[in-house]
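# Notes for the structure review
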Amino acid sequence: MTDWEDRWQKNETPWDKGYGAPPLTECLDLGMEELLGARQVLVPGCGSGHDVRELASRGIGATGLDLSPTAVTRARAMPKIGHEDYLCGSLFEADWRIGREFDTVWEHTCFCAIDPALRVAYARAMAEILPPGGHLVGLFFLTPWDPGEKEEGPPFAVSREEVEALFAPHFELRKDRVPERAYPGREGREWLTVFKRRN
Ligand SMILES: C[S@@+](CC[C@H](N)C(=O)[O-])C[C@H]1O[C@@H](n2cnc3c(N)ncnc32)[C@H](O)[C@@H]1O
């Protein structure tokens, strides 16, 4: 199992590109209502918070969550852009969300990082975090290896069919497409989805 805190402490963070995910910027530039109209977006596995700050830069309230105290410390040390904050905790636990409400989740490189055996639990956690009608906007990495990375993971690959089947008990797939923008090397290998929490 990956020791994420150890990876952050040793600066072994090849996934951290220093800026927000290009497909997220694309969604915002194209006016995606599920993000721009959100009251509070949760970013699970936010790392040093680039996507959180990208959301905040558009006036969207955003909360980053990460298991690693070092990642959260780095995220908090970045200049504040808008209404963003960061929490340290596991998405599989409920303690960090007591007294907090989220109507939207932005998923990017957290799902592919967790042990595939925990994917059903991940989908259940998202269903607990989001109210009926809430949106899970997910960027799923289908063949998630950046140049030079080993294929045994993490990150772990997933198929569109598996993503649909995992979320189907709790969410309806409303939109999907392959984003045009990507980090270099990830072009055409990501799948953008908008899931709506069922009543
Ligand atoms: C591959 S990194 C991606 C970070 C960030 N999304 C990015 O792209 O720069 C995965 C992140 O998920 C965090 N993580 C792993 N398991 C988690 C969990 N159960 N709850 C919250 N965060 C978790 C790790 O600490 C790590 O920062």
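Along each chain, the written sequence defines residue order, and numbers are assigned to residues from 1. Side-chain atom pairs in this predicted model are given and counted only at pLDDT of 80 or more, local residue features only at pLDDT of at least 70, and totals for whole chains, interfaces and linings cover all residues.

In this section: the overall build of the chain. The helix and strand inventory of the chain stands at seven helices and seven strands. The numbering of helices and of strands both runs from the N terminus, where a helix is a DSSP run of H or I of at least 4 residues and a strand a run of E of at least 2. The N-to-C order of helical and strand elements in the chain reads α-α-α-β-α-β-α-β-β-α-β-α-β-β. Radius of gyration: over C-alpha atoms. The globule rule applied is 2.2 Å multiplied by the number of residues raised to the 0.38 power. The C-alpha radius of gyration of the chain comes to 15 Å, within 12% of the 16 Å expected for a compact globule of 199 residues. A buried classification covers 39% of the 199 residues belonging to the chain. Two residues qualify as a contact pair if the distance between their C-beta atoms, derived from the backbone, is within 7 Å. By sequence separation, contacts in the chain at least 24 residues apart represent 67% of the contacts at least 6 residues apart. With C-beta atoms placed from the backbone, a residue is labelled by how many other C-beta atoms lie within 10 Å of its own: buried for 20 or more, exposed for 12 or fewer, partly exposed between the two.

So, about the site of the ligand. Each residue receives a C-beta atom built from its backbone; the residue is near a molecule or strand if that atom lies within 6 Å of it. Near the ligand, the surroundings consist of 21 residues, among which W4, G45, G47, L67 and A113 are the closest. Three classes are used, and their members are as follows: Ala, Val, Leu, Ile, Met, Phe, Trp, Tyr, Cys and Pro are nonpolar, Asp, Glu, Lys and Arg are charged, and the others, Gly among them, are polar. Here the shell around the ligand is composed, by residue class, of twelve nonpolar, seven polar and two charged.

With that settled, consider the pairing of strand β7 (residues 190–197). Most of β7 sits inside the fold, with six of its eight residues counted as buried. A strand pair is defined by DSSP finding two or more bridges across the two strands. Judged from the seven bridges that link them, strand β5 (residues 135–141) and β7 form a sheet pairing that is antiparallel. Each bridged residue has a counterpart across the sheet, and for L139 the counterpart in β7 is L192. Two strands pair when backbone bridges link them, and strand β6 (residues 171–177) and β7 are joined in this way by six bridges, in the antiparallel orientation. Within β7, the position partnered with K175 by the bridge is V194.

Another point: the nonpolar core. The nonpolar core is taken to be a set of buried Ala, Val, Leu, Ile, Met, Phe, Trp, Tyr and Cys residues joined by way of C-beta atoms within 7 Å. Counting residues in hydrophobic clusters, the biggest one holds 46 residues, and the most contacted among them are V41, V43 and V105. Here the element with the most residues in this core is β5; it accounts for five residues. Not counting residues up to four positions away in its chain, the partners in contact with V105 are V41, L42, P44, M126, I129, L130, L136 and V137.

Take unusual backbone geometry next. Unusually for a residue other than glycine, N11 sits at a positive phi of about 60 degrees. Within the fold, N11 resides in the loop between α1 (4–9) and α2 (22–29). Given 9 C-beta atoms within 10 Å, N11 falls into the exposed group. In this model, T109 sits at a positive phi of 60 degrees, which is unusual for a non-glycine residue.

With respect to topology, seven strands assemble into an open sheet ordered β3-β2-β1-β4-β5-β7-β6, the strand pairing being mixed. The two strands at the open ends of the sheet, each matched to only one other strand, are β3 (84–88) and β6. Direction aside, neighbouring strands of the sheet carry axes that sit 20 degrees apart on average. Here strand β1 (residues 41–44) pairs with strand β2 (residues 62–66) via four bridges, running parallel. Considered in β2, the bridge of V43 is made with G64. To get an axis, fit a line to the C-alpha atoms, keeping to the stretch in contact for a helix; angles then go from 0 to 180 degrees between the N-to-C directions. In this fold helix α7 (residues 160–167) packs onto β5, β6 and β7, with an angle of close to 15 degrees to the strand it touches most, β7.

Within α2, the full set of buried residues consists of P22, P23, L24 and C27. Where α2 is buried, its residues meet α3 (33–36), α4 (50–56), β4 (104–108), β5 and β7. Just past α2, the residue G31 takes up positive phi, approximately 80 degrees.

What follows deals with the environment of R160. Here R160 lies in helix α7. Taking the C-alpha atoms as reference, R160 lies 16 Å from R186; in sequence the two are 26 residues apart.

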